[in-house]
Amino acid sequence: MEKGQFFWDCLFVQEQEKNMAKFLVIAEKPSVAQSLAKNLSAYQREDGYLEGNSCIVSWCLGHLAEYAPPEIYDEKYEKWQFEDLPIIPEVWKVQVSEDKKKQFEVLCSLMNREDVAYLVNGCDAGREGELIFKRVYDLAGCQKPVKRLWISSMEDEAIQKGFQTLKDGKEYAGLCNAAVCRAQADWLIGMNATRAYTTRYFKRLVVGRVQTPTLSMLTERKEKIEHFKKEAYYKVSLSDGKLTVTSENIQSEAEADELRKLCDGEEAMVTKVKKAQKRISPPKLYDLTSLQREANRYFGYTAQKTLDMLQELYEEKMVTYPRTDSQYVTEDMKETVETLADEMTDFLPFLKSEQSGGNAERVINNTKVSDHHAILLTKEAVEKGMGGLSDGKKNLMMLIGQQLVQATGEDYLYEQTEISVQCKEHEFATKGKLPVQMGFKEVEEAFRKYCVKDKKSDEPDNKTGLPEVYEEGMILVSVKAEKSTHYTSPPKMFTEDTLLAAMETAGNKEFDSETEKKGLGTPATRANIIEKLVSSGYAERKGKQILPTAAGCELIHVMPENLKSASLTAEWENQLLMMEKGKIRDDEFMDGIVSMITEILSVCRAIPEEERSRFQTAREVIGKCPICGSDVYEGKSNYYCSDRSCPFALWKSNRFLESMKKSMDKKMAVELLKRGRTHVKGLYSKKKDSKFDADLVLGVEDGKARFSLEFPKKKTNSNKKKK
């Protein structure tokens, strides 16, 4: 008997005895489903699933179902009108995209099979995994019991242990509620605020719950840099040829010149020589955000690229679950961590045997691990090695591996020497430091030399000692004094590294130290937020920098403070975490979202007419509206009435013309509005498979344009000679 089958027979013997009932495992992706199926001996391949003697394993295709757009609730929402807001569904509708309907039908059929006793949610162990499963489960109308597979690694051992410790799906109700509320909040604010500001300003303005505060940080930083005025400051340094000591910053150049003249050529006395041993503790293990930041800093990878590669490595059983917010492991993992750290000297080509870590106690903290522990390499990865992996994946593997060795390594120790000198009753000082024990920094430097090549460290090299000959009370004869000029520096533009850090700590000042989670978005969603800003044209990449575009700055300038507030959005993320733990109800959170939408609409109603036209340039009048007589302008997809309460529009693409392979151009629109008809050449007849000419005639019915064709009589040639 195969190992996987034996495992299942022992675990679910009771279900087998009851009419050979099976259970259905639903994974998030096909690749994950295959790994789960192998451990459950479900080898029989069918269309959209795998089956074994005791179980069936199928999969979603990521988000199989999404919340339906407003027009699915009511056709009137196809036309964006401020008067129709707010849009707040009483019953939320979920729909499946066309390209995923086949797999959804497979899942529905499997869920409703008579021999399926219960389901196992095998989607990724996190908030989004709960949402993916719930949408499919609800849409299928399934009411069968659910158990939860919760694992942090795709290794066989972890999968088997996960199935041995399946939990009741109800235990994750809080996490599921948080997932649903997060998605509904994003939908409500996105749909309502985007439509509200778009219709009030006559320009498409896309608003997002997390996206807009993030864009606001980019815009604020850009404005600070643009309005920055550098200011000069001065320093005076004294030197006896061996030692150089420097004054504090001096704002006045005249004062600096005076000090230089006062001290130049004079005696100075050493007033303090202080030596102290300092220590820097090793860094923590990686959570997703810290790994994305360092991958950007070292290799220039975007946050999304790092996440995509990590997800693939996870599914290939090379790393543990990537979407984690923890930088620690639990007590029961001590032996695993020690073994992994010891094996890194063979796994990482730049490490020497004496550089291995091993002090696992440094990274163990049960209280700081909730859903998933820090990102680690797997035992399987160490056995397989990195052969066959892309350069990007190899870099991430080495980054994760060296971080484990650093985190379990020894402190970096250095001796810091401070020397103070007094001249003409003015103080001058310098500092120097020399390494005593390199500790974890030896690993960091080895990694840099091997993987980052010639790229310099972002931190200045301060490994400079001071001469040992100086003692307190020593007189320095005839010191040379020099003045140097310096300038204040503007803040730096955000890189993905620093933007991720800013998102993670956004709103910190508004929270007390006991608040469990702060920031914009979650480790799992921050990369996607950055990508949305770029794809929407509100931000752009310039090298490693992330810059707001002109359109992004325009959007932020018209947004109210509550939509730009990092602290408010961070508070929502904290509430979602509390909801996961059952500390607040979902309706409390959603009431706050609905109240905010009401406030957004109230602010929009009060926007003055002059302000509403800030994006409008002089527009060409195409003609007069046949319904109300107002001016008609050209839009991106239609020719619309300037009176927003009027429903009239001539659509550039409409069914009537499309059936004859034509679209409405500007010349046609002008003539239709002026004369009620326009002559069109080259119309296509599908029936005759030929082209023809005709007059397109405009009519109006129920406020909408209606078209018909007329065929004018051919003109006779009056000059034709009579026989």
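Summarised in this report is the structure supplied together with it.

A word on the sheet that holds strand 19 (residues 623–624). As summarised here, the arrangement of the four strands in space is 19-20-21-22, forming an open sheet in which the pairing is antiparallel. Both edges of this open sheet fall to strand 19 and strand 22 (649–651), since each of them pairs with a single strand only. When strand 20 (residues 631–634) meets strand 21 (residues 638–641), the two strands line up antiparallel, connected through three bridges. Each residue of the ladder has a partner; that of E634, found in strand 21, is Y639.

Where helix 9 (residues 211–226) meets helix 19 (residues 550–558), the axes come as close as 9 Å, and the angle between the chain directions of the two elements is 105°. On the basis of their axis angle, the class for helix 9 and helix 19 is roughly perpendicular. Contact residues: T212, L215, S216, T219, K222 and E223 in helix 9; G552, C553, L555, I556 and H557 in helix 19. Classifying every residue of the contact of helix 9 with helix 19 by side-chain character gives four nonpolar, five polar and two charged.

Right, let's get into the environment of K230. Mapped onto the elements, K230 comes out in the loop between helix 9 and strand 10 (232–239). In this structure the C-alpha to C-alpha distance between K230 and C625, which are 395 residues apart in sequence, comes to 56 Å. If sequence neighbours within four positions are ignored, K230 has contacts with Y487 and T488.

Another aspect to go through is the environment of L131. Relative to the helices and strands, L131 resides in helix 6 (residues 127–139). Residues L131 and A183 lie 52 residues apart in sequence; the distance between their C-alpha atoms is 8.5 Å. Sequence-distant contacts of L131, defined by excluding residues within four places in its chain, comprise H63, A179, V180, R182 and A183.

Relative to the helices and strands, E315 is located in helix 12 (residues 303–315). At 3.3 Å, the side chain of E315 and the side chain of K29 are in polar contact. The contacts of E315, once residues within four sequence positions are left out, are K29, S31, V32 and M154.

Calculation rules
Residues numbered from 1 in each chain as written. Predicted model: local features only at pLDDT ≥ 70, side-chain atom pairs only at ≥ 80, totals over all residues. Heavy atoms only, no water. Pairing = 2+ DSSP bridges. Helix = DSSP H or I, 4+ residues; strand = E, 2+ residues; numbered from the N terminus. Axes fitted to C-alpha atoms, helices over the stretch in contact; angles between N-to-C directions. Parallel < 35°, antiparallel > 145°, perpendicular 65-115°, else oblique. Contact = heavy atoms within 4.5 Å. Nonpolar A, V, L, I, M, F, W, Y, C, P; charged D, E, K, R; others polar. Polar contact = N/O pair within 3.5 Å; in protein donor to acceptor, adjacent residues only side chain to side chain.

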